[in-house]
Amino acid sequence: MFAVGTDYHAQLEQYGHVIKLLHKARVDAPTPLGWWSWTAYYFGLNQGTAITNADYLAHNLKSLGYTYYQIDEGYQYARGEYTTPDANLFPKAWGTS
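Just so we're clear, the structure is a prediction, and the values are computed from it rather than from any experiment.

A.B. asks: What exactly am I supposed to notice about the overall build of the protein chain here?
C.D. replies: Counting secondary structure elements, the protein chain contains three helices and four strands. Helices and strands appear in the protein chain in the N-to-C order α-β-α-α-β-β-β. Its C-alpha radius of gyration of 21 Å places the protein chain more than 25% over the 13 Å reference for a compact globule of 97 residues. For the protein chain, the spread of C-alpha atoms along the principal axes amounts to about 65 × 30 × 20 Å. Put simply, the protein chain has 97 residues, and 19% of those count as buried.

A.B. asks: Which parts of the structure should I look at to understand the nonpolar core?
C.D. replies: Core analysis: the largest hydrophobic core is formed by five residues, namely Leu45, Ala50, Tyr75, Phe90 and Ala93. When residues no more than four places from it in sequence are discounted, the contact partners of Phe90 are Leu45, Asn46, Gln47, Ala50, Gly74, Tyr75 and Pro85.

A.B. asks: Any chance you could explain the packing of aromatic side chains here in plain terms?
C.D. replies: Between two aromatic rings, the relevant description is the distance of the centres plus the angle of the planes. Under the criterion given, the structure shown has five aromatic pairs. Grouping aromatic residues by their ring pairs yields a cluster made of Trp35, Tyr41 and Tyr69.

A.B. asks: Would you mind showing me how to read helix α3 (residues 47-61) here?
C.D. replies: An α-helical turn contains 3.6 residues, so any two residues separated by three or four positions project in the same direction. The terminal C-alpha atoms of α3 lie 20 Å apart, and with 15 residues this matches the ideal 21 Å at 1.5 Å per residue to within 8%. Taken residue by residue, α3 has Gln47, Thr49, Ala50, Asn53, Leu57 and Leu61 as its buried positions. Its buried side turned inward, α3 meets β1 (33-36), α2 (38-41) and β2 (66-70). N-cap assignment for α3: the residue whose side-chain oxygen lies 3.0 Å from the backbone N of Gly48 is Asn46.

A.B. asks: Looking at this structure, I do not really get helix α1 (residues 8-23). What am I missing?
C.D. replies: Helix length check: α1 (16 residues) gives 22 Å between terminal C-alpha atoms against 22 Å at 1.5 Å per residue, within 8%. Structurally, the start of α1 carries an N-cap: the backbone nitrogen of His9 is 3.3 Å from a side-chain oxygen of Asp7. Immediately beyond the C-terminal end of α1, within one or two residues, lies Lys24, with a positive phi of roughly 50°.

A.B. asks: Looking at this structure, how should I read the pairing of strand β4 (residues 81-85)?
C.D. replies: Two faces, one strand: in a regular strand the side chains alternate between the faces of the sheet. The sheet contact formed by strand β3 (residues 76-78) and β4 spans two bridges and is antiparallel. Bridging from a neighbouring strand, Ala78 pairs with Glu81 of β4. Hairpin geometry of β3 and β4 is characterised by an intervening segment of two residues between the two adjacent antiparallel strands and by a positive phi of about 90° at Gly80.

A.B. asks: Looking at this structure, how should I read the environment of Asn46?
C.D. replies: In this fold, Asn46 is placed in the loop between α2 and α3. When the C-alpha positions of Asn46 and Asn88 are compared, they lie 8.5 Å apart, and in sequence the two are 42 residues distant. For Asn46, the side chain forms a polar contact with the main-chain nitrogen of Thr49, separated by 2.8 Å.

Parameters at a glance
Residues numbered from 1 in each chain as written. Predicted model: local features only at pLDDT ≥ 70, side-chain atom pairs only at ≥ 80, totals over all residues. Heavy atoms only, no water. Helix = DSSP H or I, 4+ residues; strand = E, 2+ residues; numbered from the N terminus. Rg over C-alpha atoms; globule rule 2.2 N^0.38 Å. Buried < 20%, exposed > 50% of the residue type's maximum accessible area, 1.4 Å probe, protein only. Core = buried A, V, L, I, M, F, W, Y, C linked by side-chain atoms within 4.5 Å. Contact = heavy atoms within 4.5 Å. Phe/Tyr/Trp six-rings, centres within 6.5 Å; stacked < 30°, edge-to-face > 60°. Expected span 1.5 Å × (residues − 1). Polar contact = N/O pair within 3.5 Å; in protein donor to acceptor, adjacent residues only side chain to side chain. Pairing = 2+ DSSP bridges.

Quick look at the structure:
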């Protein structure tokens, strides 16, 4: 693509349009909105905090498009082991006895 002109913004818009067509970009899809635990709590997450945040999102932000809730690092009993909850932090974890 080659463009000449003084309207830099128009050139960027045209470039973006061409890239969208070439790569079949899904830029018209809605942006997924949600919350994830890592940047809020790092390893300080526990069951009570997780439930409090989930309740808040469900009651206050769902209507604004927040549809994802992700518990990241800090849930598991050992770093890199993502399937087993830390029983001290999540004593009533789902799917465990």
